Amino acid sequence: MSAQNSPSAAGQKAHAVTGAFGFTGKYLARRLLDQGERVITLTNSPDRPNPFGGQIEARPFQFDRPEALAASLADVSVLYNTYWVRFNHSRFTHSEAVRNTLILFEAAKKAGVERVVHVSISNADRLSPLEYFSAKGHLEKALEDFGLCHAIVRPAVLFGDEGILINNIAWALRRFPVFCLFGDGNYHICPIFVDDLAAIMQEQGKGRRNSRIDAFGPEDFSYRDLILAVAAAIGVKRRLLPLAPKAAHAAAWLIGKAVGDTFVTHEEIQGLMADTLHIPGKTGPGTTDLRSWMKERGDSLGRVYQSELDRRIRRDLPY
């Protein structure tokens, strides 16, 4: 076994975080380091700027080499999995992400990883007509079937300095005189601060019982009220224009073409309008409220568009 795949000289087993140079993984890795853990990351982006210097070793995913992937996990006690793709694209798909995640789970089992903390999505369901939610439901069931000690963490939508959704809503509000709603905007969304999610994952890494946790923040917004809250935070007033979902998606498609990105997908609109991004009457355990967070960043929020495709394709760029 190479030095890369063997325990440290002190015998300390590692905590492995997928995507520690990205969004959620970065916050989690920082918390684990602060706790004194030895941390490695599995990544498809070894050339992305490493915010941790020499504190974290980067190892490739190697989904095409399952034995090598298992060997890279041989010194790992806890695996925190944030790997996923937001939408289908010619370069990446949900089905590919499912296949790769199953390879990762199998490698973790073969390597003797003691616990897996896996990020899913609120209301994941194998029977969902929406591929994102059905694929996440399939992976939850697969993780249970592998027999690995695990925690499944189910957030809805994340916000944070590197986040896309809230920033790009603010970006659109700054640039257009009206903001198009998908229908009446009275469906709900329960966002959680990325570092609150990282704290939940860190705590779940210490457990030894199988668990499933709904991970929301303290606020439950209607989509209409969320848009109004973003507008208030950045100091603009805009008319909200309810549109049929197909018409609103067409407008979003035009924005995406203009910025060279996928602004929102038809399936994301369906999921939002089906109230999949919250559970009625349930908030927490995240404690950071979005309104206060936005108020502190009102002058900078939405000044620059955040591109999902750039993050996926330009793997040498920082988040």
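All values derive from a computational prediction rather than experimental measurement.

**Things to note about the overall build of the protein chain**
Broken down by element type, the protein chain carries 11 helices and 13 strands. Looking at the protein chain as a whole, 55% of its 319 residues are labelled buried. Pairs at least 24 residues apart make up 79% of the contacts formed inside the protein chain by residues separated by at least 6 positions. When the accessible surface of the protein chain is split by element, carbon and sulfur atoms take 51% of a total near 13,900 Å². Side-chain charges in the protein chain split into 39 positive and 35 negative, and the spacing between the mean points of these groups amounts to 2 Å.

**A short note on the pattern of salt bridges**
Inspection of the entire model under this criterion finds 20 salt bridges. When the shortest N-O distance is used, the salt bridge between R31 and D195 registers 3.1 Å. Linking R31 in helix α1 (residues 24–34) with D195 in helix α6 (residues 194–204), this pair joins segments that are 164 residues apart in sequence. Residue D214 pairs with K282 through a salt bridge whose shortest N-O separation is 2.9 Å. Taken together, the positions of D214 in strand β11 (residues 211–215) and K282 in the loop between α9 (266–273) and α10 (290–296) put the pair 68 residues apart, joining distant regions of the chain. Look at D214 and you get buried, because its relative accessible area is 16%. The structure contains a network of salt bridges with shared partners spanning R38, E57, R59 and D75.

**A closer look at unusual backbone geometry**
Excluding glycine, a negative phi dihedral is what most residues carry, and trans is how most peptide bonds are arranged. Between G284 and P285 the backbone carries a cis peptide bond, its omega angle lying at 10°. Inspection of the secondary structure puts P285 in the loop between α9 and α10. Backbone geometry at N123 places phi at a positive 60°, although glycine is not the residue there. For N123, a relative accessible area of 31% puts it in the partly exposed group.

**Regarding the environment of P177**
Mapped onto the elements of the fold, P177 is located in the loop between α5 (165–175) and β8 (178–182). With a relative accessible area of 63%, P177 lands in the exposed category. A C-alpha to C-alpha distance of 8.5 Å links P177 and K237, two positions 60 residues apart in sequence. Residue contacts for P177: discarding those within four places in its chain leaves R238 and R239.

**Topic: the packing of helix α3 (residues 94–111) against helix α4 (residues 131–146)**
Close contact between α3 and α4 brings their axes to 10 Å; oriented N to C, the two are set at 15°. With respect to α4, the element α3 is oriented roughly parallel. For the pair α3 and α4, the sense of crossing is right-handed. Contact residues: α3 offers H94, S95, V98, T101, L102, F105, E106 and K109, while α4 offers E131, Y132, A135, H138, L139, A142, L143 and F146. Taken together, the residues of the contact of α3 with α4 break down into 9 nonpolar, 4 polar and 3 charged.

**Overview of the sheet that holds strand β6 (residues 150–155)**
Reading across the sheet, the 7 strands line up as β3-β2-β1-β4-β5-β6-β11 and stay open at both edges, with parallel pairing between neighbours. One side of each edge strand has no neighbouring strand; the edge strands of this open sheet are β3 (56–60) and β11. Strand-to-strand twist across the sheet, computed as the mean angle between neighbouring axes with direction ignored, equals 20°. With 5 bridges connecting them, strand β2 (residues 38–43) and β3 associate as parallel partners. Across the sheet, the residue bridging to T41 is A58, located in β3. The sheet contacts of α1 involve β1 (14–18), β2, β3 and β4 (76–81), and relative to β1 the element is tilted by about 165°. Against the sheet, α4 engages β5 (115–119), β6 and β11, with an angle of about 165° to β6.

**Section: the confidence of the model for the protein chain**
Summarising the model, the protein chain shows a mean pLDDT of 94, and 97% of its residues fall at 70 or more. Counting contacts from residues 1–9, a segment whose pLDDT is below 50, to residues more than four positions away or on other chains yields 15 contacts.

**What to know about α4**
Given a rise of 1.5 Å per residue, 16 residues ought to cover 22 Å, and the 22 Å separating the end C-alpha atoms of α4 matches this to within 8%. On its buried side, α4 packs onto α3, β5, β6, β11 and α9.

**Structural notes on helix α7 (residues 223–234)**
For α7, with 12 residues, the first-to-last C-alpha span of 17 Å sits near the 16 Å given by 1.5 Å per residue. Count one or two residues on from α7 and you reach G235, which has phi positive near 80°.

**Observations concerning the packing of aromatic side chains**
Per the stated rule, a full pass over the model turns up 16 aromatic pairs. Considering the side-chain rings of F63 and Y83, the 5.2 Å spacing of their centres and the 50° angle between planes classify their relative orientation as tilted. Taken together, the positions of F63 in the loop between β3 and α2 (66–72) and Y83 in the loop between β4 and α3 put the pair 20 residues apart, joining distant regions of the chain. Of the residues examined, F63 reaches a relative accessible area of 11% and is grouped as buried. On the basis of relative accessible area, Y83 is assigned to the buried category, the value being 12%.

Reading the values: rules and limits
Residues numbered from 1 in each chain as written. Predicted model: local features only at pLDDT ≥ 70, side-chain atom pairs only at ≥ 80, totals over all residues. Heavy atoms only, no water. Helix = DSSP H or I, 4+ residues; strand = E, 2+ residues; numbered from the N terminus. Buried < 20%, exposed > 50% of the residue type's maximum accessible area, 1.4 Å probe, protein only. Contact = heavy atoms within 4.5 Å. Areas by Shrake-Rupley, 256 points an atom, 1.4 Å probe, with all protein chains shown as cover. Lys, Arg positive; Asp, Glu negative; His and termini not counted. Charge placed at Lys NZ, Arg CZ, Asp CG, Glu CD. Salt bridge = Lys/Arg side-chain N within 4 Å of Asp/Glu carboxyl O. Axes fitted to C-alpha atoms, helices over the stretch in contact; angles between N-to-C directions. Parallel < 35°, antiparallel > 145°, perpendicular 65-115°, else oblique. Left-handed = near helix turned anticlockwise from the far one by under 90°. Nonpolar A, V, L, I, M, F, W, Y, C, P; charged D, E, K, R; others polar. Pairing = 2+ DSSP bridges. pLDDT = per-residue confidence, 0-100. Expected span 1.5 Å × (residues − 1). Phe/Tyr/Trp six-rings, centres within 6.5 Å; stacked < 30°, edge-to-face > 60°.

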